[in-house]
Amino acid sequence: MRRRTFLLGAATAAVAGTAGYYRSRVIETTPEVRYPGMQAGHALRDGAALPPSSSSRRCQVAILGSGVAGLSCAWKLAREGFTDFVVVEGPEYGGNAAAGARDGLDYPLGAHYLPLPSMQSTHVREMLGDFGIAERDAFGERPYYDEALLAHSPQERLLRDGRWEDGLLPMHGLPEADIEQHRQFLARVDRLHGATGNDGRKVFCIPIALSSRDPAWRALDALTFKQWLEREGYTSPALHWYLNYCCRDDYGAPYDRVSAWAGLHYFASRDGHAANANEGAVLTWPGGLAPLAQRLRDAISTRLGHGGWLLPGIAARLRESAAGPRIDCLAPGAAASVYTLEAQRAVCAMPLFVAQRILPDIRAYGYDPATHASPHAPWLVSNFVMDGYPREAPGEPLSWDNVVYQGQALGYVVSTHQLLRVARSPRTVFTAYHALSSQTPQAARQWLADARPEALRDEAAADLVAAYGDEFWRRARQLEITVRGHAMASPYCGYLSNAGLAALREVDGPVLFAHADLSGYSVFEEAAWWGVVAAGRILGQRPPA
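First things first, this report covers the structure right here in the doc. (Residues numbered from 1 in each chain as written. Predicted model: local features only at pLDDT ≥ 70, side-chain atom pairs only at ≥ 80, totals over all residues. Heavy atoms only, no water.)

1. Examining the overall build of the protein chain
Along its length, the protein chain carries 18 helices and 23 strands. For the protein chain, whose C-alpha radius of gyration is 23 Å, the value lies close to the compact-globule estimate of 24 Å for 545 residues. For the C-alpha atoms alone, the extent of the protein chain along its principal axes is close to 70 × 65 × 45 Å. Classification of the 545 residues of the protein chain by burial places 58% in the buried group. Taking the intrachain contacts of the protein chain between residues at least 6 apart in sequence as the baseline, contacts between residues at least 24 apart amount to 72%. As displayed, the protein chain offers around 22,100 Å² of accessible surface, 50% of which is attributable to carbon and sulfur atoms. (Helix = DSSP H or I, 4+ residues; strand = E, 2+ residues; numbered from the N terminus. Rg over C-alpha atoms; globule rule 2.2 N^0.38 Å. Buried < 20%, exposed > 50% of the residue type's maximum accessible area, 1.4 Å probe, protein only. Contact = heavy atoms within 4.5 Å. Areas by Shrake-Rupley, 256 points an atom, 1.4 Å probe, with all protein chains shown as cover.)

2. So, empty space enclosed by the protein
Summed over the entire model, instances satisfying the criterion amount to 1 cavity of 30 Å³ or more. Taken as a whole, the largest cavity holds about 50 Å³ of empty space. Pro108, His112, Thr284, Trp285, Pro286, Gly288, Trp400, Val413, Val414, Ser415 and Gln418 together form the lining of the largest cavity. The residue inventory of the lining of the largest cavity, partitioned by class, reads 6 nonpolar, 5 polar and no charged. (1 Å grid on protein atoms, 1.4 Å probe; cavity = no way out; pocket = protein on both sides within 12 Å on 5 of 7 lines; lining within 4 Å. Points joined across faces, edges and corners; volume = space filled by probe spheres on them. Nonpolar A, V, L, I, M, F, W, Y, C, P; charged D, E, K, R; others polar.)

3. Description of unusual backbone geometry
That bond from Ser153 to Pro154 is cis: its omega, -5 degrees, falls within 30 degrees of zero. For the peptide bond that leads from Ile206 to Pro207, omega is 5 degrees, which places it in the cis range. Structurally, Pro207 can be placed in the loop between helix 5 (176-192) and helix 6 (215-218). Even without glycine at this site, Asp137 takes up a positive phi of about 60 degrees. Positionally, Asp137 belongs in the loop between strand 9 (134-136) and strand 10 (144-145). Residue Gln406 is not a glycine yet carries a positive backbone phi of 55 degrees. Relative to the assigned elements, Gln406 resides in the loop between strand 19 (401-404) and strand 20 (412-414). Residue classification places Gln406 among the exposed residues on the basis of a relative accessible area of 58%.

4. Thoughts on the layout of surface pockets
Estimated volume of the second largest pocket: approximately 1,400 Å³. Lining the second largest pocket are 49 residues, with Gln155, Glu156, Glu279, Gly280 and Ala281 sitting closest to its centre. Secondary-structure elements contributing two or more residues to the lining of the second largest pocket are helix 5, helix 8 (237-251), helix 9 (260-268) and strand 20. For the lining of the second largest pocket, the leading source of residues is helix 8, giving 6 residues. Class assignment of the residues belonging to the lining of the second largest pocket gives a composition of 26 nonpolar, 14 polar and 9 charged.

5. Considerations on the side chain of Asn244
Looking at the element boundaries, Asn244 is found in helix 8. Within the local environment of Asn244, its side chain forms a polar contact with the backbone nitrogen of Tyr255, the two atoms lying 2.8 Å apart. (Polar contact = N/O pair within 3.5 Å; in protein donor to acceptor, adjacent residues only side chain to side chain.)

The structure is reproduced here in structure tokens:
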């Protein structure tokens, strides 16, 4: 990849002025790079000493982490009338559902859409109904959703051979044998949507905990997705590229590492429908899933009558006592200070690689990090603030999701695509996603730790430069890169039979666990599920079997 100079149209001071973006002179700059949670995480990893606690607070329940799992737990408790809880925010409110904003433009810093929930995802349907997003028939086969939040058409396109094509699965100009394989794969996936195991359960289900446990189907977890495709006679290079892309996009890992069960689950578990949208529609906002996290927060505050349940700080140490968990939390600010929560129950709503650092010994719960830890994929989420739009290659027009065939990264989404306007907005944000899946997670994290901002910029811009060339740089004005070194758990072969994860899923005592890591992969529905399950246990409700 050619090293290019990123051009900024205005210095920081000039941005505040009305004419800042239209100076005739440009200056070279480096991007703003964010590393959410890295400093605190490394301090926990290295066993940094904490100062003595300066204050304490009692509560029945302390939820540690304000990502989707923690917020979902708090939302469910509040919805059921339970009020004596607090949520310790953690290093980043919303976690992978965080967002940013510049000059009136919102953009995601993590996840950017929510598929329409399946019939089994009753917890998500309950949320969407509570928030008015599912406007009618939230638990029916085809709810009616808020039109403004359904991804608008054109939804996705693929740049191949210098031309934009509709959809992401290559079909145009391929040999008929390849096209026939594509059709056969899609037909097979369609059949798998309704497949059930010998226990009567749906084979591929979201949440994953409700999927069939039929050993004949679970045997797919012993193969990689690539091995399964080759075994089944799928040889089309374009199909292999597409399925590898899907694994990198949803799991942060290539298809020669991802479990075949997980590879098929990606397609066969998604079967949500809408009364007012086509098949495959998704819900999205300019700020990704951050507005959904905000709706959770607003609903909790409304039911409690205050916002004091959300505490700033980071849970740094959890000790169990006869009276219940004691959690030492590091307060924000330049001067290190600690406050203590004295709770009856604590919910570890944080990634397991963090939970293992704050607990005296997570192995006491049946989880040994040395053998049970899932690989976590590193990601770059890069937001380019654009002054207008670069010239497009021929073919399909600019879409919500834009992918480069055989691209280095995972393409980009357009934040202003959801704005209902007669004409295009004068400015926009292109959000580029990049799972560093060409090397091992450990090697990728080391590269991220050593890389200078300019190198991160080149990685971030790879697909955009491939799509637009130098024209892209004439429009880009600012760049914010979010580095997520442990962005998401990846479902490698054997993840379904991970005994440590199975043990944590069953823990029901003074300490509970709630995070998408329990599912072995990271999506909103799974994180929310474990938050709701933890809340149910606190309320004395048995989780669905």
